[in-house]
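# Architecture at a glance
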Protein chains: 2
Amino acid sequence: MGMHQKFVELAEKLTPDLHESIVLPKSVIEVVADEEAFQGWRTQETGSISALQSKSFGKDESFILDFGDHQVGYISLSIKSVGSPQDAPLGLKLIFGEMPCEVAEPFDSYDGWLSKSWLQEETIYVDVLPAVLKLPRRYCFRYVKMMIIDTSRKFTVSFTDIHCTAVTSADVRELTPLPANIPADLQAIDAISIKTLQDCMQTVFEDGPKRDRRLWIGDLRLQALANYQTFHHHDLVKRCLYLFGGMTLDDGAVGACVFEKPNPLVDDTRLYDYSLFFVAILFDYYEASKDREALVELWPVALEQIQIGLERLDEYGLVRDDETWWCFTDWHPELNKQASAQAILLYCLKRGLGLAKELEKDQEATFISEQIDRVTSSALQHLWDEKTGFFVSGVTKQVSWASQVWMALAGVLNEEENGQLMDRLFESPPEIGMTTPYMYHHLIEALFESGRPEKALEQMRAYWGEMVKDGADCFWEIYNPNDKKLSPYGSNLINSYCHAWSCTPTYFIRKYLL
Amino acid sequence: MGMHQKFVELAEKLTPDLHESIVLPKSVIEVVADEEAFQGWRTQETGSISALQSKSFGKDESFILDFGDHQVGYISLSIKSVGSPQDAPLGLKLIFGEMPCEVAEPFDSYDGWLSKSWLQEETIYVDVLPAVLKLPRRYCFRYVKMMIIDTSRKFTVSFTDIHCTAVTSADVRELTPLPANIPADLQAIDAISIKTLQDCMQTVFEDGPKRDRRLWIGDLRLQALANYQTFHHHDLVKRCLYLFGGMTLDDGAVGACVFEKPNPLVDDTRLYDYSLFFVAILFDYYEASKDREALVELWPVALEQIQIGLERLDEYGLVRDDETWWCFTDWHPELNKQASAQAILLYCLKRGLGLAKELEKDQEATFISEQIDRVTSSALQHLWDEKTGFFVSGVTKQVSWASQVWMALAGVLNEEENGQLMDRLFESPPEIGMTTPYMYHHLIEALFESGRPEKALEQMRAYWGEMVKDGADCFWEIYNPNDKKLSPYGSNLINSYCHAWSCTPTYFIRKYLL
């Protein structure tokens, strides 16, 4: 894999300090089965924290703490023994849940294809009490279930202090309140978006602080956009750009994600759209920061992504499709990615052109302009179905929401035609829908950019607003209002419930409504 | 509870440094069901450690390490990921077993009355590989079962180093080899006795390094005897005597056990025989060490135990029986303790008399002498059944092995009569037998002291020798050759398989055979 040591070193120098805050649990709750509630679980308060501190617990007893809001941080427990001297180790199991399902449904039932090690639990044996346990791992949770495996017949245990040290690299002092004329529901959506972004902002923009806890370029692009409207942490975006730019795959392609520890390392996952997004992220970053030094240094990486992206074009100027997981676009098992990939290539070519002009790279700008024309015309010639008024994708000429949305964002048609394309989507909705907030983001963006701000707001309310009604503290990785247990991983237990790519309503509200 | 701060401070100053040694695993094994094997489990080697290091393991895979001998110490694991970058935490479960049953039978099946937290297992999630895990808890094991809960579809893990840092306060340089004329089977029994003692010698004489990992006075007495013949660690005995003497129960009685951490603390368990044994341990310690300063300081505590012991005598000079767990003697559910308690009182009175004379405490010596006469004559008058030639105990006039053994040790009869009593035990064995090596120790001691050395050796071979044939690396807490899964706790999984009170064959061999 390619390594530009200087870039990686610069990225490491930009590693932010984390802001810490102490958060106390708010109440003791139980989780009750309720068909009306999201995913079938409702919480209800059963006691106060002060009452908890005066109780003691023995074998097989348990309780659930509610921290009142989503937390990313470290947990500390002060435990003492009650009764006769502690004559056996204390066995303790902790389960951390972002959502009620995690503390209600047994983890043993998990049978998905992602590693079950993501499920947040710990089993701890404590030989000597009293003890202050500072658990070394970071957890992501609102709820903590504490289960006493065993004490002994001669002693029980009492929890004198339980608190979380929450961490983030986001500085809340940077936030500007929304004006009072913004409706309350949008105010709520904005606040939850910001909390989502905040909890994902660590030493990189993580995709989800529960899972995968790392920097994915698709998430980064949306986080950066929301960040420019809120926390203005330009250096964190810069660090992430230098990580991706500093460690590429064998042929120079930017990888889909990078790891920070034990040493920065690019993953071997390669996605066509994700490599190209490096160009768009650099474009957005320069727009926000005017950091010309970074632009100059990273432009060769961006240009290389354009060249690699163009290599996939066939003799008709179309992005070659294949049967593998070559392009992300959305978590839809039947979605054909050809048209969206074509559109994303075009979208990124246009941003590349902007950067080339900014840098006065005339030769490269000319080259990119020619490619924009080529990719646009082949899209119109081979992927546009004049009869239905939809873009098609792949050999089956699949019509999907994703293809239309991305073609609108790429500006293959003009703004008026894009508006009509968007209207048509709602009049004759294609069967292949959208499954993630990530894809919904692009729908909303396309609606705003196509002169349909009311529809954009309506759709944002129908999607993110529904999550709020379903009790979201942070916005979720996956949400389908008609299938609330949906998971691309085989179990809703492993879904991330604070997920970067869901944080953009604040970007829309602050960019388009203020 | 009573606290002589000065005694406790002296005890703390005597806390020994531990000797550390690095122990590597010897082989990879599997445990196979085998009705002929001890407790139904046999181990067989399946691979070498070097072969293990070149393997990698994924979800649900496992292996069992054999360290070749019993270990008490800390485990260190060096783990690296293999394949794509580590994209999920590693979930790892470790089970530590002194015996094959522990790594073969699921701990979930445990349903005994002791805390299941004693079962040695850990579940660990490792976020970043490579990692060197130094587990903070001390374990007691020969076998370690490593189970991979999960990695991910993209990586597996390999174990590049696994080792144990074994700890003990015993100094093996103090050991003297047995002469070559001692038969091989006794050489083996001696070596395993010493290993048992060594592994129990930590910052106190522990009863069992797996469970209960603390200082019990009944175990201490036997460990001290074995220690005087082997490691000569007088200061460790002294530390334990000062801990017991420094922290007594409300009325001044010595407690049955003490805890070291977080601060020295006497347990609230009170046993008639155990309090009295303080006198015997001080007697033995003085005999071995001639530490007159300790004798002078601790004599008041010893005298107080005598006085407290005598308070339990009724108007006939008999120790009052009751229905509670008031006296230990042995783990036999039907054993009546009255006669053994009477004998133990007498045994300790005689040692108290020795100490009083040594200290030239004439008045106290006279008092104790009178009590010896009183307790002896009431035993003969009320507990001796001339017709059967056995001592009886309790209202049911129960005849047990324990009562005869202790009456012989107490010297109620003369040496010749004691020898005949011992012979009678084997000719007409009482139904109420012996269940622990602790009780067997007293049988062997009584045989040696009653002029029956051949019988003593025969019995030692029949008991400890059988454990050796059953594969003991250390001697066990519980052993019944006719019921090898016997446990006083409801499961053989929780028995201690390196237990202090089983370490005394080395004492017999070195005291009576050299």
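Thresholds applied
- Residues numbered from 1 in each chain as written.
- Chains lettered and ligands numbered in written order.
- Predicted model: local features only at pLDDT ≥ 70, side-chain atom pairs only at ≥ 80, totals over all residues.
- Heavy atoms only, no water.
- Helix = DSSP H or I, 4+ residues; strand = E, 2+ residues; numbered from the N terminus.
- Buried < 20%, exposed > 50% of the residue type's maximum accessible area, 1.4 Å probe, protein only.
- Contact = heavy atoms within 4.5 Å.
- Areas by Shrake-Rupley, 256 points an atom, 1.4 Å probe, with all protein chains shown as cover.
- Lys, Arg positive; Asp, Glu negative; His and termini not counted.
- Charge placed at Lys NZ, Arg CZ, Asp CG, Glu CD.
- Domains from an automatic or database assignment.
- Buried area = accessible area lost by both parts, 1.4 Å probe.
- Salt bridge = Lys/Arg side-chain N within 4 Å of Asp/Glu carboxyl O.
- UniProt positions renumbered as here; feature names shortened; annotations may be inferred.
- Pairing = 2+ DSSP bridges.
- Phe/Tyr/Trp six-rings, centres within 6.5 Å; stacked < 30°, edge-to-face > 60°.
- Lys NZ or Arg CZ within 6 Å of the ring centre and 35° of its normal.
- Polar contact = N/O pair within 3.5 Å; in protein donor to acceptor, adjacent residues only side chain to side chain.
- Nonpolar A, V, L, I, M, F, W, Y, C, P; charged D, E, K, R; others polar.
- Least-squares fit on C-alpha atoms with pLDDT ≥ 70 in both.
- Expected span 1.5 Å × (residues − 1).
- Bend = angle between axes of the 7 residues up to and from the residue.
- Core = buried A, V, L, I, M, F, W, Y, C linked by side-chain atoms within 4.5 Å.

- Within an unreviewed UniProt entry, the label attached to chain A reads Sugar hydrolase, and the organism entered is Paenibacillus allorhizoplanae.

### Here we look at the overall build of chain A
- Within chain A one finds 15 helices and 16 strands.
- In terms of principal-axis extent, the alpha carbons of chain A reach across some 85 × 50 × 50 Å.
- Relative to its full complement of 514 residues, chain A shows a buried share of 64%.
- Within chain A, contacts between residues at least 6 apart in sequence are counted, and of these 76% link residues at least 24 apart.
- For chain A, the computed accessible surface area is about 19200 Å², with 48% contributed by carbon and sulfur atoms.
- Taking the average location of the 48 positive side-chain charges in chain A and that of its 77 negative ones, the two points are 4 Å from each other.

### Description of the domain arrangement of chain A
All names here are of chain A.
- Along its sequence, chain A is carved into domain 1 (19-168) and domain 2 (183-513).
- Listed per partner, the contact involves 29 residues of domain 1 and 31 residues of domain 2.
- Around 2700 Å² of area is buried between domain 1 and domain 2 when both sides are counted, 58% of it from carbon and sulfur atoms.
- Among the residues domain 1 hides against domain 2, the three largest losses belong to Phe38, Trp118 and Arg138. Together they make up 26% of the total.
- Between Asp473 and Arg142 there is a salt bridge, and its shortest N-O distance comes to 2.8 Å.

### Details of the UniProt feature "domain: Glycosyl hydrolase family 78 alpha-rhamnosidase N-terminal" (unreviewed entry) in chain A
- Following the UniProt record, the feature "domain: Glycosyl hydrolase family 78 alpha-rhamnosidase N-terminal" (unreviewed entry) maps to residues 25-166 of chain A here.
- The span residues 25-166 of chain A carries 7% helix and 55% strand; its end-to-end C-alpha distance comes to 12 Å.

### Structural notes on the sheet that holds strand S11 (residues 215-216) of chain B
All names here are of chain B.
- Pairing within the open sheet is antiparallel, and its three strands lie in the order S11-S13-S14. A strand with exactly one partner marks an edge of an open sheet, and here the two such strands are S11 and strand S14 (265-266).
- By the bridge criterion, two bridges tie S11 to strand S13 (residues 257-259) in an arrangement that is antiparallel. Bridge assignment links Leu215 to a residue of S13, and that residue is Val258.

### Comments concerning unusual backbone geometry
- With an omega of 0°, the peptide bond running from A:Leu129 to A:Pro130 counts as cis.
- Turning to its location among the elements, A:Pro130 is positioned in the loop between strand S7 (121-126) and strand S8 (131-134).
- Omega for the bond connecting B:Arg211 with B:Asp212 falls within 30 degrees of zero, at 15°, which places this linkage in the cis form.
- By the element assignment, B:Asp212 lies in the loop between helix H4 (184-200) and S11.
- Its identity is not glycine, yet A:Lys397 carries a phi of approximately 50°, on the positive side.
- A:Lys397 gets classed as exposed once you look at its relative accessible area, which sits at 53%.
- Within the chain, B:His232 stands out as a residue other than glycine whose phi angle is a positive 50°.
- Here B:His232 is to be found in the loop between helix H5 (217-229) and helix H6 (234-246).
- Overall, the relative accessible area of 33% leaves B:His232 in the partly exposed class.

### Description of the packing of aromatic side chains
- Tallied over the entire structure, the rule returns 70 aromatic pairs over all chains.
- Each ring, one from A:Phe7 and one from A:Tyr242, has its centre 5.2 Å from the other, and the planes form 85°; the classification is edge-to-face. Of this pair, A:Phe7 sits in helix H1 (residues 5-13) while A:Tyr242 sits in helix H6 (residues 234-246); the two residues are 235 residues apart in sequence, bridging distant segments of the chain.
- One aromatic cluster is present, formed by A:Trp113, A:Trp216, A:Tyr274, A:Phe277, A:Trp325, A:Phe328, A:Trp331, A:Tyr347, A:Trp406, A:Tyr438, A:Tyr489 and A:Trp501 through successive ring pairs.
- In this arrangement the basic side chain of A:Arg351 is found over the ring face of A:Tyr347, its NZ or CZ atom lying 3.6 Å from the centre.
- For B:Arg221, the ring lying beneath its charged end belongs to B:Phe277, and the centroid distance is 4.4 Å.

### Quick look at the interface of chain B and chain A
- Listed as interface residues are 41 residues of chain B and, on the opposing side, 41 residues of chain A.
- With both sides pooled, the region where chain B packs onto chain A buries about 3200 Å², and carbon together with sulfur makes up 52% of that total.
- Area buried by chain B at its contact with chain A is led by B:Pro85, B:Ser117 and B:Tyr125, which between them contribute 19% of it.
- For the pair chain B and chain A, the interface holds eight salt bridges.
- In this structure, the salt-bridge partner of A:Asp127 is B:Arg137, at a minimum N-O distance of 2.7 Å.
- Taken together, chain B and chain A are joined by 26 residue pairs in polar contact (both at pLDDT 80 or more).
- Looking at the side of chain B that touches chain A, the elements that each hand over two or more residues are strand S6 (90-97), strand S7 (121-126), strand S9 (139-150) and S14 of chain B.
- For the side of chain B that touches chain A, the element with the most residues is S7(B), which contributes four residues.
- Looking at the side of chain B that touches chain A, its residues break down into 16 nonpolar, nine polar and 16 charged.

### A closer look at the sheet that holds strand S14 (residues 265-266) of chain A
- One open sheet holds the three strands; their spatial order is S11-S13-S14 (chain A), and the pairing between them is antiparallel. Each edge of the sheet is formed by a strand with only one pairing partner; in this case those strands are strand S11 (215-216) and S14 of chain A.

### Concerning the pattern of salt bridges
- Under the definition given, this model contains 60 salt bridges over all chains.
- Here B:Lys154 and A:Asp268 are joined by a salt bridge, their closest N and O atoms 2.7 Å apart. Here B:Lys154, found in the loop between S9 and strand S10 (155-168), pairs with A:Asp268, found in the loop between S14 and helix H7 (272-289), and the two come from separate chains.
- A relative accessible area of 33% places A:Asp268 in the partly exposed class.

### A word on the relation of the copies chain B and chain A
- Once turned by 180° and shifted 0.0 Å along the axis, chain B lies on chain A with an RMSD of 0.0 Å. Expressed as an axis order, the relation between the two copies is that of a two-fold axis. In terms of proximity to the rotation axis, the leading residue of chain B is B:Thr123, whose C-alpha is 3.0 Å off the axis.
- Interface overlap between copies is the fraction of interface residues in one copy that are interface residues in the other; for chain B against chain A it reaches 100%, indicating a shared surface.

### Points about helix H14 (residues 453-469) of chain B
All names here are of chain B.
- Its 17 residues place the ends of H14 22 Å apart at the C-alpha level, agreeing with the 24 Å of an ideal helix rising 1.5 Å per residue.
- Along H14, the sharpest kink reaches roughly 30°, centred on Ala462.
- Buried residues belonging to H14 abut H4, helix H12 (415-427), helix H13 (437-449) and helix H15 (505-513).
- Taken from the residues just after H14, Gly471 is the one with a positive phi, measuring 95°.

### So, the nonpolar core
- Membership of the largest hydrophobic core comes to 180 residues, with the highest contact counts inside it found for A:Ile75, A:Leu77, A:Phe159 and B:Tyr274.
- If we ignore the near neighbours within four places in the chain, the residues touching A:Ile75 are A:Phe67, A:Phe96, A:Leu133, A:Lys134, A:Leu135, A:Tyr139, A:Phe141, A:Val144, A:Ile162, A:His163 and A:Cys164.
- A:Leu119, A:Val319, A:Leu457 and B:Ile79 belong to the second-largest nonpolar core, a separate cluster that totals 179 residues.

### Details of the environment of B:Thr196
- Within the secondary structure, B:Thr196 sits in helix H4.
- The residues contacting B:Thr196, other than those within four sequence positions of it, are B:Cys474, B:Phe475, B:Cys498, B:His499 and B:Cys503.

### Side note on the UniProt feature "domain: Alpha-L-rhamnosidase six-hairpin glycosidase" (unreviewed entry) in chain A
- UniProt's feature table lists "domain: Alpha-L-rhamnosidase six-hairpin glycosidase" (unreviewed entry) at residues 185-512 of chain A, given in the numbering used throughout.
- As a span, residues 185-512 of chain A carries 56% helix and 4% strand, and end to end its C-alpha atoms are 16 Å apart.

### Side note on the side chain of B:Gln398
Residues and elements named next belong to chain B.
- Its location among the elements puts Gln398 in the loop between strand S16 (390-391) and helix H11 (401-410).
- On the accessibility criterion, Gln398 (12% relative accessible area) is buried.
- Within the structure, Gln398 has its side chain in polar contact with the backbone oxygen of Glu334 (distance 2.7 Å).
- Dropping the residues within four chain positions of it, Gln398 is found in contact with Glu334, Leu335, Asn336, Phe391, Val392, Ser393 and Ile432.

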